[in-house]
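Fold and contact review
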Amino acid sequence: MSEEKEIAKKIISSGYFADQIPGEFKSTTLSQNIDKLELTKSKLSKDGLNKWCKLIDYSIPKTENFRRILSVPHPLHYILLARLIEDNWVNLESHFSKSQFSLTTPQISEGSIKPKYKMSEMINRRVHNLVLKRYILQADITRYYPSIYTHSIPWALHTKEIAKANPRDDGYFGNVIDRLVRNLQDGQTVGIPIGPVVSLIIQEIVGSTIDDEFQREYGDGLVGYRYTDDMEYYFSSSEEAERALNILNKTLKKYGLDLNNSKTKVIKIPQVLESEWLYYFKKYEFRRDKKDKRKSIYLQHIDIKEFFSTAYRYKIQLNEKGILNYAVKVLRGVVIYRENWDIFESLLLQSILVDSSIIPTVFETIEGYKYRGYPLNNERIKSFINVLIRDNVELRNDFEVSWALSFAAKLDISIDEDVSKLLLKNDNAIINILVMILNSKNLLKGDLDFSYYETLLTEESLYDSNWLFYYECCFHGWLGKDKNNQHFKGDKFFEQLLNNNVSFVDPTYSRVLKEVKRSIISLCLKHYKTNMKTLEAEEIMSKVIEEYSFSMEGDLEELNIELVNEINKIKT
């Protein structure tokens, strides 16, 4: 299979659901089956191929008082977009090469498509480019993704003059991208979906052209970078920087975009390279006494309180995005003593109330310790989960509610009756699917009325924001639906998905559990190779689990089978 042939699969397998959506939502089986799907005019009809669809909106926290709307696209037009991008990848790479400044040029990696550089590269560029420059032009595009005019995609690829003269000519593939994006979002011409990886590619089509035109208009000597919609350029004088600002502003307006005045400015060096809090958490070390475990426990207890107190202080003083998330991720590299678990768990949960964007990091940290047999305070966690849902569900804070439901399913935490009733009035497909997963595990309490959910399952919903909920109800047999549902069987697109056993949900998936299992297998193989070759796989597994205090009651049989397979590979 050619490299180009893999591009569409990567766009679908790892670029369909945004990372901020719980891991139960996966597009792996869709990716595996795209070559079997016939999406032609003769199969679907002209109308079926160009049917307008609605996005599934998913609200996430951006800053303390602002939120961002991510989207899950309908699979029909997303697959068509993925195939189109694959077919024109060589042309797209040529187009991206016009930009001398982009750090977010899409690159094909082993399993996905990602920006060429990580965000840390921005600091490196500043350090290297300021050797002979004194002034920085910092610029930001206002609401970049939501402001991109879909017709500007063919303008960027083929020039505005050619695109406007040939708006319906599919020989210009920019026109096809334009049409498919509009079909994805109910015909809207303003904005592109935030979340799917195709939007990284589309914004780069526009961004690369802006970079190229900006450079040609400014002339020789322009140095700097663009990371999606964040830009920095470096100059010897403030006059040069102001001239560049005027040119950049004019270039953006040609494509219907505007600078964010609150984030665009000319500043003079010196400037702080990275925030003080970043250095603090990078260097922080928890104290321990190698000779005295009791003293180590005591010192760690003090350090835990100091660590969180400092994180809160930085959050209060600076209110910068990412402080608590970075701090909690640092803690993943620290093994907390069981004696200190209670205060650690309490402070982790408290941190969510300070910054809800850290929910996945906190919940995954707690889940990881569950598999190490730590004494989780299930009553406290249950109360916290229910309060979190109760406080957010009617505000349509999808991120907070969905991660709370996902965590409840993993820890078998029940949802109180009053909270269950609030959830059963919700119309977000992501949340409703997680509710059904909990219901299948008998974790929803009270007298449950699913009548509102049932009103969402209509023939019209196959192409509106409830398509995913309806489809998965049929796939998993929820609410009395099944794979023989006439609405789906009568639809030439969805019928193919069902016939190929495509699902977008794995109710039991856990990234943390997957990593823990991988670690256990690795430890078992290490022991096998060194001093346990005479033991059976089950005995090796038992010794490793006992030695490292893993708690894996329901997964031992699967782990033993996997270990046997790995040992057989070594033997052969």
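Residues numbered from 1 in each chain as written. Predicted model: local features only at pLDDT ≥ 70, side-chain atom pairs only at ≥ 80, totals over all residues. Heavy atoms only, no water.

**Some points on the overall build of the protein**
Condition: Each helix is a run of DSSP H or I of at least 4 residues and each strand a run of E of at least 2, with the numbering of both proceeding from the N terminus. With C-alpha atoms as the basis for the radius of gyration, the globule rule is written as 2.2 Å multiplied by the number of residues raised to the power 0.38. Remark: exposure states derive from per-residue accessible area (1.4 Å probe, protein chains only) relative to the maximum for the residue type, with buried under 20%, exposed over 50%, and partly exposed in between. In this analysis, two residues are considered to be in contact whenever any of their non-hydrogen atoms come within 4.5 Å of each other. Per-residue and other accessible areas follow the Shrake-Rupley method at a 1.4 Å probe size, with only the shown protein chains counted as cover for residues. This count recognises Lys and Arg as positive and Asp and Glu as negative, with His and chain-terminal groups excluded. Lys charges are placed at NZ, Arg charges at CZ, Asp charges at CG and Glu charges at CD.
Helix and strand counts for the protein stand at 29 helices and 8 strands. For 572 residues, the compact-globule formula gives about 25 Å, and the C-alpha radius of gyration of the protein, at 26 Å, lands near that figure. By principal-axis analysis of the C-alpha atoms, the protein measures approximately 70 × 65 × 60 Å. Within the protein, the proportion of its 572 residues that are buried is 53%. In the protein, the share of contacts with a sequence separation of at least 24, taken over all contacts with a separation of at least 6, comes to 73%. Counting every atom, the protein has about 27,400 Å² of accessible surface; 47% of that belongs to carbon and sulfur. For the protein, the distance from the average position of its 78 positive side-chain charges to the average position of its 81 negative side-chain charges is 4 Å.

**Quick look at helix H28 (residues 537–548)**
One turn of an α-helix holds 3.6 residues; hence residues three or four places apart share an orientation. Heads up, the condition is: In this scheme, a helix's expected span is set at 1.5 Å multiplied by one less than its residue total. Regarding the arc, it is the one traced by the directions from the helix axis to the C-beta atoms.
Here H28 contains 12 residues, and its C-alpha end-to-end distance of 17 Å stays within 8% of the 16 Å for a straight helix at 1.5 Å per residue. Among the residues of H28, Ala537, Ile540, Met541, Val544 and Ile545 are the ones counted as buried. An end-on view of H28 places all buried positions within 130 degrees of arc, on one side of the element. The outward face of H28, more than 90 degrees from its buried face, is lined by the exposed residues Glu538 and Glu546.

**Description of the packing of aromatic side chains**
Going by this rule: Geometry of aromatic contacts follows a simple scheme: Phe, Tyr and Trp rings, the Trp one being its six-membered ring, pair when their centres are within 6.5 Å, and the pair is stacked under 30 degrees between planes, edge-to-face over 60, tilted otherwise.
Overall, the coordinates contain 42 aromatic pairs when judged by the stated rule. For the ring pair Phe344 and Tyr369, a centre distance of 6.2 Å and an interplane angle of 65 degrees mean the geometry is edge-to-face. You can see Phe344 sitting in helix H17 (residues 341–354) and its partner Tyr369 sitting in helix H18 (residues 359–370), a full 25 residues away along the chain. The buried category is assigned to Tyr369, whose relative accessible area is 10%. Taking 5.2 Å as the distance between ring centres and 80 degrees as the angle between the ring planes, the aromatic pair formed by Trp467 and Phe504 counts as edge-to-face. Of the two residues, Trp467 sits in helix H24 (residues 467–476) while Phe504 sits in the loop between helix H26 (492–499) and helix H27 (511–530), which places them 37 residues apart along the sequence. Like Trp467, the residue Phe504 is buried in the burial classification.

**Some thoughts on a positive patch on the surface**
Rules: Exposure above 30% relative accessible area and the lack of any salt bridge qualify a residue for a patch; like charges then connect within 9 Å, and the nonpolar side chains Val, Leu, Ile, Met, Phe, Trp and Tyr within 5 Å. Between Lys or Arg on one side and Asp or Glu on the other, a salt bridge is scored when a side-chain nitrogen of the former is within 4 Å of a carboxyl oxygen of the latter.
Residues Lys62, Arg68, Arg143, Lys263 and Lys321 make up a contiguous surface patch of positive charge. Summarising the element assignment, Lys263 is placed in the loop between helix H13 (238–254) and strand E8 (265–268).

**Remarks on the pattern of salt bridges**
Per the counting criterion, the structure on display carries 29 salt bridges. Lys250 serves as the salt-bridge partner of Glu217, at 3.4 Å between the closest nitrogen and oxygen. A residue pair is termed long-range when its members are at least 10 positions apart, and Glu217 in helix H12 (residues 197–218) and Lys250 in helix H13 qualify at 33 residues. Accessibility expressed as a relative area gives 43% for Glu217, which makes it partly exposed.

**A short note on the state of the cysteines**
As a reminder, the rule being used: Sulfur atoms of two cysteines make up a disulfide when they are within 2.5 Å.
Per the counting criterion, the structure on display carries 0 disulfides. Take Cys474: it sits in no disulfide, and the sulfur closest to it among the cysteines is that of Cys473, at 6.9 Å.

**Considerations on the domain arrangement of the protein**
Note the following rule: Where a domain begins and ends is set by an automatic assignment or by a domain database. Accessible area that two parts lose when put together, with a 1.4 Å probe and added across both, is what the buried area reports. Contacts described as polar in this section are N or O atom pairs within 3.5 Å, which, within protein, must combine one atom able to donate a hydrogen with one able to accept it, while residues neighboring in sequence count only if both atoms come from side chains.
The domains assigned to the protein are domain 1 (7–268), domain 2 (276–449) and domain 3 (511–571). Each of domain 2 and domain 3 has a C-alpha centre, and these two points are 29 Å apart. The partner domain 3 presents 9 residues to the 9 residues of domain 2 that form the contact. Between domain 2 and domain 3, roughly 730 Å² of surface is buried when both sides are summed, and carbon and sulfur atoms account for 54% of that area. A per-residue breakdown of the area domain 2 buries against domain 3 is headed by Glu364, Tyr371 and Arg372, which together make up 72% of the total. For the interface between domain 2 and domain 3, the tally reads 1 salt bridge. Residue Arg511 is joined to Glu364 by a salt bridge in which the shortest nitrogen-to-oxygen separation is 2.4 Å. Taken together, domain 2 and domain 3 are joined by 3 residue pairs in polar contact (both at pLDDT 80 or more).

**Examining the sheet that holds strand E7 (residues 230–235)**
Within a sheet, adjacent strands bond to each other through the backbone by hydrogen bonds, running parallel or antiparallel. What counts here: We call two strands paired when DSSP finds no fewer than two bridges between them. Note on geometry: axes are C-alpha line fits, over the in-contact stretch for helices, and angles between N-to-C directions span 0 to 180 degrees.
Read from one edge to the other, the open sheet built from 4 strands follows the order E6-E7-E5-E8, with strand pairing classed as antiparallel. Two strands in the sheet have a free side with no partner beyond their single neighbour: strand E6 (223–227) and E8. Here the strands of the sheet are splayed against their neighbours by 15 degrees on average, with no regard to which way each runs. Relative to E7, strand E5 (residues 135–140) runs antiparallel, the two being bridged by 6 bridges. By the bridge assignment, Ala139 is partnered in E7 with Met231. Together, E6 and E7 form the strand contacts of H12, whose direction differs from that of E6 by roughly 165 degrees. Across the sheet, H13 is in contact with E5, E7 and E8; its angle to E5 comes to roughly 20 degrees.

**A closer look at the packing of helix H15 (residues 293–318) against H17**
Quick reminder of the rule: Comment on the angle field: the value is read as roughly parallel under 35 degrees, roughly antiparallel over 145, roughly perpendicular from 65 to 115, and oblique elsewhere. For this classification, Asp, Glu, Lys and Arg are treated as charged, while Ala, Val, Leu, Ile, Met, Phe, Trp, Tyr, Cys and Pro are nonpolar and the rest, including Gly, are polar.
For the pair H15 and H17, interaxial distance at closest approach is 11 Å and the crossing angle is 5 degrees. Taken together, H15 and H17 sit at an angle that is classed as roughly parallel. Two secondary-structure elements touch here, H15 through His301, Ile304, Lys305, Phe308, Tyr312 and Lys315 and H17 through Ile343, Phe344, Leu347, Leu348, Gln350, Ser351 and Val354. For the contact of H15 with H17, the per-class residue count stands at 8 nonpolar, 3 polar and 2 charged.

**Quick look at the pairing of E5**
Taken across its 6 residues, E5 has 6 buried, putting it largely inside the fold. Bridge analysis of E5 against E8 gives 4 bridges, and the strand direction is antiparallel. Considered in E8, the bridge of Tyr135 is made with Lys268.

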